[in-house]
Amino acid sequence: MVEVKAEEIKKYLEELYREKITLIEISRVGGEGKVKLEEGEIKGYGYGEPLLIRFSVKGQVKKLVLTTVRPGGFGHEHFSDRAQMLLWAHSAYNSLPRHVRSLDVGCFNTDSTLTSLGKMEEAFLLTEYVEGEEYYRDLERIKRERRIMELDLDRAKALARYIADVHSVKGREKNLYVRRLRELLGHGEAIMGLLDSYRPDPSYVTTDELVKIEKKCVDWRWRLKGKKHRLSRVHGDFHPWNVKFKGELDFVVLDRSRGEWGEPADDVTAMSINYLFYSIQEFGELRGPFKALWTIFIETYLEETGDSEVLRVMQPFYAWRGLVIANPIWYPTLKPSVRRKIFNFIFNVLGEEEFNYKEVNNYLK
Ligand SMILES: Nc1ncnc2c1ncn2[C@@H]1O[C@H](COP(=O)(O)OP(=O)(O)OP(=O)(O)O)[C@@H](O)[C@H]1O
Ligand SMILES: [Mg+2]
């Protein structure tokens, strides 16, 4: 938490008003009187406490409330959660009749300065450009040629070792594990969001079946909530479009998503389901070159981590990823029979205590 300094608040207001400002008083809303300033720093201030700022500008005394959000549960764990709430507040307050007016939204910087974000239209991220080939191109080639090279096996092993190493760092804020499971169900990009994006089509799934999937996943959420010991560093969107190979075994990953800490099964399923997916499209089942990649990826991961428990946790994550690959939004040209097999996979896996990766074709029936 940064030091909140009266001087910086004054500077910020002067930029906002483009006028000289005289600070009169900073106090806690609900008035336990003035805040204690030590060397200009507001002592004992904690995010979440609204501050009443009294100041004069052009001879007029004004009172404004500076609000921050208290870090904590209920989805307020990350500063980005709290930023999202206040960015939204600034964009919505002034359009509701009789609602207190919002003058600005901004942020405290690590150097205690304040920055206005009031003019913000859309956020952007600036990253390096990564040279190389996306991993999905390998899978496209293997599907085309129906055979693999030694390098393909080595790459699958390298990806399994990489993600095993990522997962070797365990998280301390155990409640983030429960949050991650909640978001696996309710996040717009996750199970409920995916289920809502489906227009029921009789040829491969019905609304009843979609409801059943959601209900089974709710049971899984309650079954897994107690496994907080599994909270680990994760990527969060570890799929073949987010990996670029620069050399034989040298690669860079893209697009980490939805939180730094979570359930390792998220990454294991995001990558492995694509070996199954490509194989079903080409062979109607897991077979040949893709079976070899599937087996070496999962077995290398289990060897590296010793985490056999993942086979009793990964089911709802496979369901989520299954809902992605079976979805016409992303894969409009799939045969209905392929989509049906993926939904069979989802159903059967959700009914399985321990995932049997050696007999995965049984789940396609
Ligand atoms: N920093 C980068 N350097 C090189 N290529 C990039 C970079 N970022 C994105 N790409 C390329 O653009 C493609 C799409 O980008 P991006 O991953 O952001 O899409 P996306 O919509 O986020 O997809 P998803 O969420 O499924 O990963 C990537 O597959 C990759 O090929
Ligand atoms: Mg991406």
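All chains use their own residue numbering, which begins from 1 and follows the written sequence. For naming, the first written chain is A and the first written ligand is 1, with later ones following in the order written. A pLDDT threshold of at least 70 governs which residues receive local features in this predicted model, and a stricter bar of 80 or more applies before side-chain atom pairs are shown or counted, although totals over entire chains, interfaces and linings include all residues. The basis for every side-chain value is the complete set of heavy atoms in the structure, and neither hydrogens nor water enter the calculation.

**A few points about the layout of surface pockets**
Our working definition: Only protein atoms enter the 1 Å grid used here. Points where a 1.4 Å probe fits but cannot escape make up a cavity, open sets with protein on both sides within 12 Å along at least five of seven lines make up a pocket, and a residue lines them when an atom lies within 4 Å of a point. Grid points are joined across faces, edges and corners, and a volume is the space filled by probe spheres set on the points. Secondary structure elements are defined from DSSP: runs of H or I of at least 4 residues count as helices, runs of E of at least 2 residues count as strands, and each element is numbered from the N terminus. Think of it as three bins: nonpolar holds Ala, Val, Leu, Ile, Met, Phe, Trp, Tyr, Cys and Pro, charged holds Asp, Glu, Lys and Arg, and polar takes everything else, Gly as well.
There is about 1,200 Å³ of room inside the largest pocket. Around the largest pocket, the lining comprises 37 residues; the ones closest to its centre are Thr 67, Thr 68, Leu 86, Val 105 and Gly 106. Residue assignment for the lining of the largest pocket shows that the elements contributing at least two residues are α1 (6-17), β5 (60-66), α2 (79-92), β6 (106-108) and β7 (114-116). Ranked by the residues each element gives to the lining of the largest pocket, the list is headed by α2, at eight residues. By volume, the second largest pocket amounts to about 930 Å³. Lining the second largest pocket are 29 residues, with Phe 79, Ser 80, Asp 81, Gln 84 and Ala 123 sitting closest to its centre. When residues in the lining of the second largest pocket are grouped by element, the largest group, eight residues, is from α2. Looking at the lining of the second largest pocket residue by residue, the class counts come to 10 nonpolar, nine polar and 10 charged.

**Let's talk about the domain arrangement of the chain**
Using the following cut-off: Domain start and stop points were drawn from an automatic or database domain assignment. Contacts between residues were defined by any pair of non-hydrogen atoms, one from each residue, lying within 4.5 Å. Buried surface area refers to the total accessible area, computed with a probe of radius 1.4 Å, that the two partners give up upon joining, counted for both partners together. Throughout this description, the term salt bridge denotes a Lys or Arg side-chain nitrogen within 4 Å of a carboxyl oxygen of Asp or Glu.
Segmenting the chain into domains produces domain 1 (2-116) and domain 2 (133-364). Taking the mean C-alpha position of each, domain 1 and domain 2 sit 43 Å from one another. Listed as interface residues are five residues of domain 1 and, on the opposing side, four residues of domain 2. Buried area between domain 1 and domain 2, summed over both chains or domains, comes out near 360 Å², and the portion from carbon and sulfur atoms is 45%. The largest contributions to the domain 1 side of the interface with domain 2 come from Gly 75, Glu 77 and His 78, which together make up 87% of the buried area. Seen at the junction of domain 1 and domain 2, the total is two salt bridges.

**Brief notes about the site of ligand 1**
As a reminder, the rule being used: Neighbouring residues are identified by heavy atoms, a residue being near a molecule or strand if any of them is within 4 Å of it. What qualifies as a polar contact is a pair of N or O atoms within 3.5 Å, subject to a donor-acceptor requirement within protein and to the restriction that residues adjacent in sequence count only when both atoms come from side chains. Surface accessibility in these figures is a Shrake-Rupley result with a 1.4 Å probe; residues are shielded only by whichever protein chains are displayed.
Close to ligand 1 lie Thr 127, Glu 128, Tyr 129, Val 130, Glu 134, Asp 237, His 239, Trp 241, Asn 242, Lys 244, Leu 254 and Asp 255. In this structure, a nitrogen atom belonging to ligand 1 sits 3.2 Å away from a side-chain N or O atom of Thr 127. Within the complex, the protein chains bury 54% of what would otherwise be the 600 Å² of accessible surface of ligand 1.

**Some words on the packing of aromatic side chains**
Quick note on the threshold: Ring geometry is summarised as follows: Phe, Tyr and Trp rings, the Trp one being its six-membered ring, pair when their centres sit within 6.5 Å, and such pairs are stacked at plane angles under 30 degrees, edge-to-face over 60 and tilted between the two. The criterion is that NZ of a Lys, or CZ of an Arg, lies within 6 Å of the ring centre and within 35 degrees of the ring normal, and then a charge sits over that ring.
Applying the stated criterion across every chain, the model contains 22 aromatic pairs. With 5.3 Å between their ring centres and 55 degrees between their planes, Phe 245 and Phe 251 make a pair best called tilted. For Arg 155, the ring lying beneath its charged end belongs to Phe 245, and the centroid distance is 4.1 Å. In this structure, Arg 339 packs its charged tip against the face of Tyr 204, placed 5.5 Å from the ring centre.

**A look at helix α4 (residues 150-167)**
Test applied: Between the first and last residue of a helix there are one fewer steps than residues, each counted as 1.5 Å, and that sum is the expected span. The buried label applies to any residue whose accessible area, calculated with a 1.4 Å probe on protein chains only, is under 20% of its type's maximum; exposed applies above 50%, and partly exposed to all values in between.
Its 18 residues give α4 an end-to-end C-alpha distance of 26 Å, which sits within 8% of 26 Å, the value for a rise of 1.5 Å per residue. Among all positions in α4, only Asp 152, Leu 153, Arg 155, Ala 156, Ala 158, Leu 159, Ala 160, Ile 163, Ala 164, Val 166 and His 167 are buried. Those residues of α4 that are buried lie in contact with α3 (136-145), β9 (232-233), β10 (243-245), β11 (251-253), α8 (265-283) and α9 (288-305).

**Looking at the coordination of the magnesium ion (ligand 2)**
We count it as follows: A 2.8 Å cut-off from the metal defines N, O and S donors, relaxed to 3.2 Å for Na, K and Ca; water is not in the atom list, so some sites may appear incomplete.
Coordination of the magnesium ion (ligand 2) by the protein is provided by Asn 242 (OD1) and Asp 255 (OD), with metal-donor distances spanning 2.0 Å. Here Asn 242, found in the loop between β9 and β10, pairs with Asp 255, found in the loop between β11 and β12 (261-262); they are 13 residues apart in sequence, far enough to count as distant.

**Some remarks on the pattern of salt bridges**
Summed over all chains, the structure comprises 31 salt bridges. Its salt-bridge partner being Glu 282, residue Arg 146 comes within 2.8 Å of it at the nearest N-O pair. Taken together, the residues Arg 146 in the loop between α3 and α4 and Glu 282 in helix α8 connect sequence positions 136 residues apart. Here Arg 146 falls in the partly exposed class, since its relative accessible area comes to 45%. A salt bridge links Arg 230 to Glu 309, with the nearest nitrogen and oxygen atoms 2.9 Å apart. Residue Arg 230 is located in the loop between α7 (207-224) and β9, and its partner Glu 309 is located in the loop between α9 and α10 (315-325); the two are separated by 79 residues in the primary sequence. Look at Arg 230 and you get buried, because its relative accessible area is 5%. Connected via shared salt-bridge partners are Arg 180, Glu 189, Asp 237, Arg 258, Asp 266 and Arg 321.

**A short note on the pairing of strand β4 (residues 51-57)**
The condition that has to hold: Strand pairing is defined by DSSP finding a minimum of two bridges between the two strands.
Burial within β4 is extensive, with five of its seven residues counted as buried. Relative to β4, strand β1 (residues 21-28) is paired through seven bridges, and the arrangement is antiparallel. If you follow Thr 22 over to β4, its bridge partner there is Ser 56. The hairpin formed by β4 and β5 contains two residues between the paired strands, and Lys 58 there has a positive phi angle of roughly 45 degrees.

**Observations regarding the side chain of Asp 104**
The condition that has to hold: Counting rule for charge: Lys and Arg are taken as positive, Asp and Glu as negative, and neither His nor the chain ends is counted.
Position of Asp 104 relative to the elements: it lies in the loop between α2 and β6. The side chain of Asp 104 sits in the buried core without any salt bridge; Lys 119 is the nearest counter-charge, 7.8 Å away. Polar side-chain contacts of Asp 104 include one of 2.5 Å to the side chain of Tyr 12. Within the structure, the side chain of Asp 104 is placed 3.3 Å from the backbone nitrogen of Gly 118, a separation counted as a polar contact. Every residue in contact with Asp 104, bar those within four places of it in the chain, is listed here: Tyr 12, Leu 16, His 90, Ser 116, Leu 117 and Gly 118.

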